[in-house]
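Residues per chain are reported as follows:
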Amino acid sequence: MTENQNIPDRLLSPEDASKELKISPQRVRQLIANGTLVAERVGRSWVIRNQDLEAARPAITTSVIPAKTASLGEGNRVKGQKVCPESRIFTD
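The structure displayed is predicted, hence computed values, not measured ones.

Draft legend 1. Here's a closer look at the overall build of the protein. The helix and strand inventory of the protein stands at three helices and five strands. Of the regular secondary structure in the protein, the N- to C-terminal order runs β-α-α-β-β-α-β-β. A buried classification covers 24% of the 92 residues belonging to the protein. Long-range contacts, defined as pairs at least 24 residues apart, comprise 42% of the intrachain contacts of the protein with a sequence gap of at least 6. Accessible surface computed for the protein: about 6900 Å², of which carbon and sulfur atoms make up 53%.

Thresholds, definitions, all that
- Residues numbered from 1 in each chain as written.
- Predicted model: local features only at pLDDT ≥ 70, side-chain atom pairs only at ≥ 80, totals over all residues.
- Heavy atoms only, no water.
- Helix = DSSP H or I, 4+ residues; strand = E, 2+ residues; numbered from the N terminus.
- Buried < 20%, exposed > 50% of the residue type's maximum accessible area, 1.4 Å probe, protein only.
- Contact = heavy atoms within 4.5 Å.
- Areas by Shrake-Rupley, 256 points an atom, 1.4 Å probe, with all protein chains shown as cover.

As structure tokens, then:
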């Protein structure tokens, strides 16, 4: 149980919600856009009610987020290896 569960009417910004959920603000905005997290527009900003955040928490924390794949650019290859441009596979 988090300390925010005791404050049902608290409004959070996406940045505050991201800190609470331990995810990025961009991910919070994605969750709002896909309907997983309920939020309301106030002017140009989004606000999330604390009770909506707590209701969505199980779905958010159990969802699998694919890891970013590393870029196979110059800095990621072993010295002397070349990258095949079509497949982005290392070759000797």
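Here the narrative resumes, following the displayed structure.
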